[in-house]
Amino acid sequence: MPAVYDLANRGLLPPGFSLVGFARREWANEDFAAEVHDAVKEHARTPFREEVWQQLIQGMRFVQGTFDDDDAFERLRSTIEELDKAQGTGGNFAFYLSVPPRSFPVVIQQLKKHGLADQTGGSWRRAVIEKPFGHDLKSAEELNKVVHEVFEPDQVFRIDHYLGKETVQNILALRFANTMFEPIWNRSFVDHVQITMAEDIGIGGRAGYYDGIGAARDVIQNHLLQLMALTAMEEPASFDADALAAEKTKVLGAVRLPKDLSRDTVRGQYAAGWQGGEKVIGYLEEDGIDPKSKTDTYAAIKVEIDNRRWAGVPFYLRTGKRLGRRVTEIAVVFQRAPHSPFDHTATEELGQNAVVIRVQPDEGITVRFGSKVPGTSMEIRDVSMDFAYGESFTESSPEAYERLILDVLLGDANLFPRTEEVELSWKILDPIEEHWDKHGRPAQYKSGTWGPAEADEMLAREGRSWRRP
Amino acid sequence: MKIDLTDTTAGKVNKALVQGRRAIGTPAVGMVLTLVVVTDEENAYDALKAAGDASHEHPSRTLVVIKRVSRSPRDRTSSRLDAEVRVGVDAGSGETVILRLYGEVADHADSVVLPLLLPDAPVVVWWPVNAPLDPAKDPLGALAQRRVTDTYASEQPVRELSARADSYTPGDTDLSWTRITPWRSMLAAALDQVVCEVEAVEVEGEEFNPSCELLAMWLADRLDVPVKRSLSSGPGLTAVRMHTSEGAIALDRADGSLATLSIDGQPDRAVALKRRETAELIAEELRRLDPDDTYASALRFGVERLNASASAAVNTAPAPAPAAAPAAATATAPATTPATTDPSPKGEGAVAGTALEAAAEAPATESAPQEPPPLKKRAKAT
């Protein structure tokens, strides 16, 4: 909602833009508006302006009903038709489906039954779907089938707010608009890649959703594999949705899982501890969680990409809740210099060069390299060169959702994963989940730390270590 | 710019840091390390000032962890974190966060510090006072590559030195050791000028000053000769006298700033060996972050053995001082490894160049009798 307001405030919404809420709650239009109003006031990025709000509120409606209630969908249709006339929306609708996975088929069928999804004469019907896009390959395929029965595949937008982040889009700019990075972006120079998404919070009130899903399904399948695809893909022929999807699909198809999954994957659950100065409880003690639950709140996996560019370069993906701090980043770590004219003590503290793309918070890029410590002795130490968005671009970077919603309205599918990408991601993750299901239990890690010791060992075995992000 | 946060969390402090940087218009982070200062309220000001000065040489994020004393049972059970975020001119060259921990959270300071460490940059923990006996096992110490203690600030320095030797882990270091760097390079330089065999050494300094013990142990360890530790009324280290096959070599500093180097058969030379400020010591410590092997080996020599081996012919008089002449430019010792005493194989040889400035001890002039080194004669041929 705040994103919609921000778009309106920046004058990017078409005139007559209308918003219809549909939920079980017993609300009148005014209650809905009030709810939106509060959310906007609290979270909008841009300052609150009454006249913008007045423009938005004119097109705001609420329809009460349950998903199996035919009358309610009829009301929804009449509301939309009325808006069409009153606001001149031109018969174009986007359905933002923020519904639990199990309700998906019924909602989609209802939309179809009541003629809400029929495209007529030049107008469009789009569906926006939030994650999870299924919980394994089979369910994802079913889900896709259900949705595609009603909506055209190119009118379905799977929203992954990470892909709307400025820095994520900047990966493409960094790699393909510059000359200095691409020549070293391959196995001859890159030692390994680490992609991390860490949260400092626990599962909060989402026990019902989270238990049985876990960190790998919740994050690695979509966010991390997408980030990996963008980092590793070849240069697309052009910057349009088809070309991008083709490259991403290629690289996801080339992903190879390690042979020994117990060795090269790690999962964990947060245990009670202290996080950032607050005492917190463990996952198994959370409300609504089965004390015997095997759900992972931390997952780390190693994958390789079998192509000429990346053969032999491991990609380490990790995600977890209740880790040290909230951060998402991609670190491309380079090999050490093949020869060093300096003696051992001079370079003892020198690590490996790295390019780090900081996705959130504090979006930007860091380049890490060695530099001499001022002084009379030759002592080389890692330093970092930083690029932060706030400095270089004075207009604050648009929030991810803003960008994505705008893209939906414009029909620009560049930043939305396609069906094939979703299915390929599940193909990567499914064997791991199956393996985990059959073998062992998640390791426990203390809240507020950087994950279980097993994950450190996983990298240490190969002479590497996780970055402290 | 200062941002005050009460009853906060590390996550909020991180946000405030970004906010502060943006507000002053330099959102990029150019800092090379995180310095964690663990102290009490009483010593916080001085420590912070020293860290701030040192940050001009090493731009760093300084986290000052102040554990507040709970004075009632109720205070102990409740727990609160207050933070003061300073960026820009208020924070030297870098950023400073002062964390005040009340109640239970004081025992979990590592949970507050961990999220605030700079990504992937080295971490140095410095305890200006009340350092734990085993720094590497301390929850905060475990986060760091380098752990700086200061035995000089402790109640029983000599006993603490022994404890440090027992718990030594690569990455440990002590400011009492840093204080004698100029002495070490000067002595190494002196031995470079004379081809001789050192037979015995005497280190003289005030009591309760672990630097004297450390210097003595370093000499004993490196030269493999008996070293005697004797007392004077200070300030700090006052003299080192070496008895060699070619006569005596003495480095005498009576007033804590200007020393005299006398070598038999050579004119006396004045050497500036001023006692240094804490900020200078910290800045020097931060120059190297790899384990200091020389310190380890000197420390491990053992204070007891020092006293026991203080034997043989140490009763040599301070060198006769003939022709006083060319003062100043004495520190000619190039970084070439001196015969036996290398100030440190870790490249600190280069300090010889800069070392002319000073050695340091905090000012102090308590004098009370303390286990005087037993002057047992025990000829041990080396």
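Everything numeric in this text was worked out from a predicted model, so none of it was measured.

I keep staring at the overall build of chain B and nothing clicks. Help me out?
Along chain B, the regular secondary structure elements total twelve helices and 14 strands. By residue count, 58% of the 382 residues in chain B fall in the buried class. Carbon together with sulfur atoms contributes 53% to the accessible area of chain B, which is approximately 14,800 Å² in total.

What is the right way to look at the overall build of chain A in this model?
Looking only at helices and strands, one finds 15 helices and 17 strands in chain A. What you see for chain A is a C-alpha radius of gyration of 24 Å, in line with the 23 Å of a compact globule of 469 residues. Principal-axis analysis of the C-alpha atoms places the extent of chain A at approximately 80 × 50 × 45 Å. Here chain A holds 469 residues, and 56% of them are scored as buried. Within chain A, contacts between residues at least 6 apart in sequence are counted, and of these 76% link residues at least 24 apart.

Even after reading the chapter, I still don't get helix H1 (residues 10-23) of chain B, so can you show me in this structure?
An α-helix turns once every 3.6 residues. As a result, residues three or four positions apart point the same way. Residue and element names in this part refer to chain B. Here H1 contains 14 residues, and its C-alpha end-to-end distance of 20 Å stays within 8% of the 20 Å for a straight helix at 1.5 Å per residue. For H1, every residue scored as buried is listed here: Ala-10, Val-13, Asn-14, Ala-16, Leu-17, Gly-20 and Arg-21. Mapping the buried residues of H1 onto a view down its axis gives an arc of 160°, with all of them on the same face. In H1, those exposed residues whose orientation departs by more than 90 degrees from the buried face are Lys-15, Gln-19 and Ala-23. Packed against the buried residues of H1 are strand S1 (2-5), strand S3 (60-67), strand S4 (79-87), strand S5 (94-103) and helix H4 (109-113). The positive-phi residue at the C-terminal boundary of H1 is Gly-25, with phi of around 85°.

I would appreciate a short explanation of the pairing of strand S14 (residues 354-360) of chain A in the present structure.
Here is the key point about a regular strand: its side chains alternate between the two faces of the sheet. All names here are of chain A. S14 sits mainly inside the fold: seven of its seven residues count as buried. Where strand S13 (residues 327-334) meets S14, six bridges bridge the pair, whose relative direction is antiparallel. Each residue of the ladder has a partner; that of Ala-331, found in S14, is Val-356. Bridging between S14 and strand S15 (residues 364-372) involves five bridges; their strand directions are antiparallel. Bridging from a neighbouring strand, Ile-357 pairs with Ile-365 of S15. Remark: three residues form the turn of the hairpin made by S14 and S15, two consecutive strands paired antiparallel; Asp-362 in that turn has positive phi of roughly 60°.

Explain the sheet that holds strand S3 (residues 93-97) of chain A here, please?
Paired through backbone hydrogen bonds, the strands of a sheet run either parallel or antiparallel to each other. All names here are of chain A. The strand order S3-S4-S5 describes an open sheet built from three strands, whose pairing is parallel. Each edge of the open sheet carries a strand with a single partner, namely S3 and strand S5 (156-159). Ignoring strand direction, the axes of neighbouring strands in this sheet form an average angle of 20°. By the bridge criterion, five bridges tie S3 to strand S4 (residues 125-130) in an arrangement that is parallel.

Is there a simple way to think about the sheet that holds strand S9 (residues 198-205) of chain B in this case?
All names here are of chain B. The six strands lie next to each other as S10-S9-S11-S12-S13-S14, forming an open sheet whose pairing is mixed. Where the open sheet ends on each side, the last strands, each with one partner, are strand S10 (227-231) and strand S14 (269-272). Across the sheet, the axes of successive neighbouring strands diverge by a mean angle of 15°, strand direction being ignored. For strand S13 (residues 258-263) and S14, the ladder comprises four bridges, and the chain directions are antiparallel. Following the sheet pairing, Thr-260 is matched in S14 by Ala-270. In this fold helix H7 (residues 181-193) packs onto S9, strand S11 (237-244), strand S12 (247-252), S13 and S14, with an angle of close to 25° to the strand it touches most, S11.

Is there a simple way to think about the nonpolar core in this case?
A general trend in soluble globular proteins is that nonpolar side chains are found buried together. Core analysis: the biggest nonpolar cluster contains 129 residues, and Phe-151, Ile-220, Met-228, Ile-305 and Phe-315 of chain A together with Val-36 and Leu-99 of chain B have the highest contact counts within it. Looking at which element gives the most residues to this core, the answer is helix H9 (residues 214-232) of chain A, with eleven residues. Here Val-36 of chain B is in contact with Leu-63, Val-65, Val-113, Leu-117, Val-123, Val-124, Val-125 and Trp-126 of chain B, once residues within four sequence places are set aside.

Explanation requested: the interface of chain A and chain B in the structure shown.
Accessible area lost when the parts come together is the quantity often used to give the size of an interface. With 34 residues of chain A in contact, the opposing surface of chain B contributes 41 residues. Summing both partners gives a buried area of about 3,000 Å² for chain A against chain B, and 50% of it is carried by carbon and sulfur. Two residues, Glu-104 of chain B and Lys-279 of chain A, come together in a salt bridge whose shortest N-O distance is 3.2 Å. Between chain A and chain B we count 15 residue pairs in polar contact (both at pLDDT 80 or more) in total. Where the side of chain A that touches chain B is concerned, the elements lending two or more residues are strand S9 (273-275), strand S10 (278-280), strand S16 (380-388) and helix H12 (389-392) of chain A. The biggest single contributor to the side of chain A that touches chain B is S16 of chain A, with five residues. By residue class, the composition of the side of chain A that touches chain B is eight nonpolar, eleven polar and 15 charged.

Is there a simple way to think about the side chain of Glu-206 of chain B in this case?
Residues and elements named next belong to chain B. Residue position: Glu-206 is located in the loop between S9 and helix H8 (210-223). Buried and unpaired, Glu-206 has Arg-275 as its nearest opposite-charge partner, separated by 4.1 Å. A distance of 3.2 Å separates polar atoms of two side chains, one belonging to Glu-206 and the other to Asn-209.

What counts, and where the lines are drawn
Residues numbered from 1 in each chain as written. Chains lettered and ligands numbered in written order. Predicted model: local features only at pLDDT ≥ 70, side-chain atom pairs only at ≥ 80, totals over all residues. Heavy atoms only, no water. Helix = DSSP H or I, 4+ residues; strand = E, 2+ residues; numbered from the N terminus. Buried < 20%, exposed > 50% of the residue type's maximum accessible area, 1.4 Å probe, protein only. Areas by Shrake-Rupley, 256 points an atom, 1.4 Å probe, with all protein chains shown as cover. Rg over C-alpha atoms; globule rule 2.2 N^0.38 Å. Contact = heavy atoms within 4.5 Å. Expected span 1.5 Å × (residues − 1). Arc of directions from axis to C-beta. Pairing = 2+ DSSP bridges. Axes fitted to C-alpha atoms, helices over the stretch in contact; angles between N-to-C directions. Core = buried A, V, L, I, M, F, W, Y, C linked by side-chain atoms within 4.5 Å. Buried area = accessible area lost by both parts, 1.4 Å probe. Salt bridge = Lys/Arg side-chain N within 4 Å of Asp/Glu carboxyl O. Polar contact = N/O pair within 3.5 Å; in protein donor to acceptor, adjacent residues only side chain to side chain. Nonpolar A, V, L, I, M, F, W, Y, C, P; charged D, E, K, R; others polar. Lys, Arg positive; Asp, Glu negative; His and termini not counted.

The values reported here are purely geometric and, on their own, carry no functional implication.
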